[in-house]
Amino acid sequence: MHSSTQPSPEYEEKSTKHIPENQSQEEKLQAKVLTTYATTTTTTITTATAITTTNGQRGSIDSTAIISHQRHLGSRDSNGGPPIDTPYIQTTATANSNANMTNPSDDDGNDDETDVIGVLIGHFGKWQFLMTMLLSLFQVPNTFHISSSVYQAANKEFWCRRPLHLQHLLVDVWRNLSNSHDNCFQNQLDWNGITNDTIEQLQQHPQQPPPALKVLWQLNNTRIACTAWEYESNDNVGNSWTSQWDLVCDKEYLKNVAEMFFLLGVATGGIISGYLSDKFGRKTMLFISAVLQTIFGLALYFAYSFEMYITLRALLGLVSVSVTYSGLILAIEYVDGKWRTIAGMYNLFPLPISYMLISGIAYLTQDYQRLQLCIGIPGIFLCFLWFVVPESPRWLLVKGRIDEVKRIVEAAAAFNKRDLPTNYETMLQPPTQEVSSQDFMCLFRSSYLRRITICFLCIWFTMNLAYYGFILNMSTFGGNVYLNSALAGLVEIPAIAIAMYIISKVGKKWLFSATLVCAGIACCCAAITEGQEDILWLKITFIMIGKFTISAGNTIMPVYTAELYPTAIRNVGVGACNVAAGLALILTPYLSLLNKIEDHLLMSLLTAWCLFGGFVVLFLPETMKRHTKTKPAEEK
């Protein structure tokens, strides 16, 4: 049975006894509200998508209130339960009596879950803004690496290699001469026996092979596989995986294998990064992963073996997702209350900017090795942020490393121009930690949990398949791949901004469903215009509309997931969702093969999945910015 969190009369009387009679009613209320504690222990955020979105009103707090909080650490709850050692405080009234502790940015909504760190350094100030902004820069190399395959694995026009003495032949003439229009097989002929007259006649009439050539074909109609190829050099693509390792014909599938290895690393890293971040610390895991990401990224420049290349790509994906998760966890643990949602969402703003940057870099370099060097170098400079970015003070407090917490709190408070009470050290007590034995099966132990788990598994699979289906297949949509990628990044900026604004005002259910349905409609319109070169611009327009709406949905999804899962099993739930997302990522590189089967198949598949995802969202409960105090029975 869920224990009441209301204090007993005796507890309330003791907690207010020390307040002088000459204090104002507001000051008395400040000290009194600090006696209401949550009975659950503090849980750390262990995945990037588990963004805490508890909402309510915060205020600064004076030294009297802090003394009151410390005095009652260890007091038993109203039901005679164990001592309450959690540093989290539930505030229910505005407290602005102490001018030194007041911060204009701390004015939030009602019922905000705050903690000691937020009380001391402020919920969001200049220090938090600077730190979260610096952490968002780690998204730049991550985005570079995940989208680089669009340019590095770009398709190139190719044909069977011409003999040395026939290099002067036009490509179309050579294809007719060798009967190699499929660019993978050619007739087995003695090229030295081809007379100049035959070649001259073929050049004059490339579509009408001369009689002498037809006779040669009839005498030897054996077709053999080409063993070497030549590639178009003036195609604005340059040297790619295709031309470097001859990934054409029966080897073309290896490009998808190379990308699958990278995304397999991403999927694996997404599952284990939360555990490692909890064990070794957010900052430690962030910078270990960032250093390894830089090493692997630069090592790819020197990898001339395809086997070595895909191995390094897999390792790069493994550490890149750890950079993303650790950096995002650190960013949202620097702030408090509703600012965790905001910090987690504006951490995504470097993504679209990075998409535009890499399209420009790829256009200027037009070589997969030079591009790899350019996107690997920025990681070197980010590693120097080790001396600027501190560890998460909340994680340190949970681990009992009080001296380190004090140094960070003092530096942050000074930067935010907040005065610390002389006895603030007494507030920094590590919370009591309970060992959780929750496993995957706990997600199906009630009708509420079964419903949201099944829905979110489908939604996360759909969202990742559609979102990365747009990003990683930009070169297959037609038109200029550099312009398409830049536009796809550009439309994501307002998508993230609009989503951030709307979900802070209204519920997420209908908006989330609408983004997926609109993306499905846009994909359907793009499928209708597929194959019509005269209206290619219209197809690209529909694709950009789909990218806009799916980007907005991708911003809402992690926040919505974190809100609906109860705190005790939130990490297990998000971890299960990451498995579904990983499966979608592994399948994404193979979506480009659908167009080889039928022109409309790729966009038709994305249409079906987006509409399916929008339909599944309707089975989820609504969640508003300001939560009611009534929780689902299953969560209680």
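Residues numbered from 1 in each chain as written. Predicted model: local features only at pLDDT ≥ 70, side-chain atom pairs only at ≥ 80, totals over all residues. Heavy atoms only, no water.

Going by what an unreviewed UniProt entry lists, the protein is known as Organic cation transporter protein isoform X2 and is assigned to Glossina fuscipes. One UniProt comment on the protein, placed under Subcellular location (unreviewed entry), says "Membrane". (UniProt positions renumbered as here; feature names shortened; annotations may be inferred.)

Participant: Looking at this structure, how should I read the overall build of the protein?
Facilitator: Counting its regular elements, the protein contains 27 helices and six strands. The buried share of the protein, taken over its 636 residues, is 55%. Sequence-distant contacts, at least 24 apart, represent 82% of the contacts inside the protein between residues at least 6 apart. In the structure as shown, the protein presents an accessible area of about 27,300 Å², 61% of it carried by carbon and sulfur atoms. (Helix = DSSP H or I, 4+ residues; strand = E, 2+ residues; numbered from the N terminus. Buried < 20%, exposed > 50% of the residue type's maximum accessible area, 1.4 Å probe, protein only. Contact = heavy atoms within 4.5 Å. Areas by Shrake-Rupley, 256 points an atom, 1.4 Å probe, with all protein chains shown as cover.)

Participant: I would appreciate a short explanation of the environment of Gly-281 in the present structure.
Facilitator: Here Gly-281 lies in the loop between helix H12 (253–280) and helix H13 (282–299). Separated by 115 residues in the primary sequence, Gly-281 and Leu-396 place their C-alpha atoms 8.1 Å from one another. The residues touching Gly-281, leaving out its near neighbours within four places in the chain, are Leu-276, Glu-391 and Trp-395.

Participant: Whenever I open this one, a nonpolar patch on the surface confuses me. Can you help?
Facilitator: On the surface, Leu-373, Ile-377, Ile-380, Phe-381, Phe-384, Trp-386, Phe-387 and Val-388 cluster together to form a nonpolar patch covering roughly 810 Å² of accessible area. Assignment of secondary structure puts Phe-381 in helix H18 (residues 378–383). Under the relative-accessibility criterion, Phe-381 is labelled exposed at 58%. (Patch = residues over 30% accessible without salt bridge, like charges linked within 9 Å, V, L, I, M, F, W, Y side chains within 5 Å. Salt bridge = Lys/Arg side-chain N within 4 Å of Asp/Glu carboxyl O.)

Participant: Just to check I follow, could you spell out the nonpolar core for this structure?
Facilitator: In globular proteins that are soluble, nonpolar side chains generally tend to be buried together. In this structure, Phe-138, Leu-428, Phe-456, Ile-459, Phe-512, Ile-550 and Met-603 are the most contacted members of the largest nonpolar core, which totals 136 residues. The leading source of residues in this core is helix H21 (residues 447–472), at 16 residues. If we skip the residues at most four places from it in the chain, Ile-459 touches Phe-512, Met-557, Gly-613, Val-616, Val-617 and Leu-620. (Core = buried A, V, L, I, M, F, W, Y, C linked by side-chain atoms within 4.5 Å.)

Participant: Is there a simple way to explain unusual backbone geometry in this structure?
Facilitator: Positioned with a positive phi, Asn-236 is a non-glycine residue whose angle comes to about 60°. In this structure, Asn-236 sits in the loop between strand S6 (229–231) and helix H11 (241–245). The phi torsion at Gln-366 lies on the positive side, around 50°, for a residue other than glycine. By secondary structure assignment, the location of Gln-366 is in the loop between helix H16 (350–365) and helix H17 (368–376). Since its relative accessible area comes to 22%, Gln-366 is described here as partly exposed.

Participant: I tried to follow the packing of aromatic side chains on my own but got confused; where do I start?
Facilitator: Any aromatic ring pair is given by two values, namely how distant the centres are and how the planes are angled relative to each other. Summed over the entire model, instances satisfying the criterion amount to 18 aromatic pairs. An angle of 45° between the planes, with centres 6.4 Å apart, marks the rings of Phe-158 and Tyr-231 as tilted. Taken together, the residues span a long stretch of sequence, with Phe-158 in strand S3 (residues 158–160) and Tyr-231 in strand S6 at a distance of 73 residues. Residue Phe-158 shares its accessibility class with Tyr-231, and that shared class is buried. Grouped by ring-pair contacts, the aromatic residues Trp-241, Trp-245, Phe-306, Tyr-309 and Tyr-368 constitute a single cluster. Over the ring of Phe-280 we find Lys-279, and its NZ or CZ is 5.8 Å from the ring centre. (Phe/Tyr/Trp six-rings, centres within 6.5 Å; stacked < 30°, edge-to-face > 60°. Lys NZ or Arg CZ within 6 Å of the ring centre and 35° of its normal.)

Participant: For this particular structure, what's the right way to read the pattern of salt bridges?
Facilitator: It is possible for side chains bearing opposite charge to pair when their charged atoms get close. Overall, the coordinates contain nine salt bridges when judged by the stated rule. Residue Lys-156 is joined to Asp-235 by a salt bridge in which the shortest nitrogen-to-oxygen separation is 2.7 Å. One end of the pair, Lys-156, is in the loop between helix H7 (149–152) and S3; the other, Asp-235, is in the loop between S6 and H11, and 79 residues separate them in sequence. Classification of Lys-156 as buried rests on a relative accessible area of 8%. Two residues, Arg-282 and Glu-333, come together in a salt bridge whose shortest N-O distance is 2.8 Å. Placement of the pair is Arg-282 in helix H13 and Glu-333 in helix H14 (residues 306–334), with a sequence separation of 51 residues. A single burial state applies to Arg-282 and to Glu-333, both of which are buried. Linked by salt bridges that have partners in common, Glu-157, Asp-172 and Arg-175 make up one network.

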